[in-house]
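One-letter residues, chain by chain:
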Amino acid sequence: QVELKESGGGLVQPGGSLRLSCAASGSISSVNFMGWHRQAPGKQRELVAIITRGGTINYLDSVKGRFTISRDNAKNTMDLQMNGLKPEDTAVYYCNADLRRTFTSTYVNYWGKGTQVTVSS
């Protein structure tokens, strides 16, 4: 069984910082891209940041310069450092990854259950 588990969400004031973490566990042979998505109430889920195994990174325009994504390929983990948080960053943040299970030949897309980030004074 493979699982993606997020941690690090919470309540923060505008201008504050939070660090989200995602850990992939189970019988994993390889992890391709990993990414963070978010969904605010009444809005569609959107891609916030994505990082490939080789380290290529892309960000949602509205978070560029404020958020930093990173990963540890040896540990199958990924972080999202969020600085300068704004009320419009309030959402449930989801970890997403394409990974290959042990003894299989194809990559499958997995999602975590999400962690709430609330930016409010």
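Here, every reference points to the structure presented above.
What you see is a predicted model; the values in this text were computed from it and never measured.

Chemist: What is the right way to look at the nonpolar core in this model?
Modeler: Side chains that are nonpolar tend, in soluble globular proteins, to be buried together. Membership of the largest hydrophobic core comes to 30 residues, with the highest contact counts inside it found for W36, L80, M82 and Y93. Ranked by residues supplied to this core, first place goes to strand β9 (residues 91-101) with five residues.

Chemist: So what exactly am I meant to see when it comes to the side chain of H37 here?
Modeler: Looking at where H37 falls in the secondary structure, it is placed in strand β4 (residues 28-39). Judged by relative accessible area, H37 falls into the buried class, the value being 14%. Setting aside residues up to four positions removed in sequence, H37 forms contacts with R45, E46, L47, V48, V92, Y93, Y94, N96 and W111.

Chemist: It is not clear to me how the pairing of β9 should be interpreted in this structure. Could you clarify?
Modeler: A regular strand places its side chains on the two faces of the sheet in alternate fashion. The element β9 is largely enclosed, with a buried count of eight among its 11 residues. Pairing between β4 and β9: nine bridges, direction antiparallel. When the sheet's bridge partners are listed, W36 is paired in β9 with C95. Two elements, β9 and strand β11 (residues 115-119), share three bridges in a ladder whose sense is antiparallel. Bridging across to β11, V92 finds its partner in Q116. Here β9 pairs with strand β10 (residues 108-111) via four bridges, running antiparallel. Bridge assignment links L99 to a residue of β10, and that residue is V108. Here β9 hands over to β10 after six residues, with F103 in that stretch at a positive phi of 65°.

Rules of the game
Residues numbered from 1 in each chain as written. Predicted model: local features only at pLDDT ≥ 70, side-chain atom pairs only at ≥ 80, totals over all residues. Heavy atoms only, no water. Core = buried A, V, L, I, M, F, W, Y, C linked by side-chain atoms within 4.5 Å. Buried < 20%, exposed > 50% of the residue type's maximum accessible area, 1.4 Å probe, protein only. Helix = DSSP H or I, 4+ residues; strand = E, 2+ residues; numbered from the N terminus. Contact = heavy atoms within 4.5 Å. Pairing = 2+ DSSP bridges.

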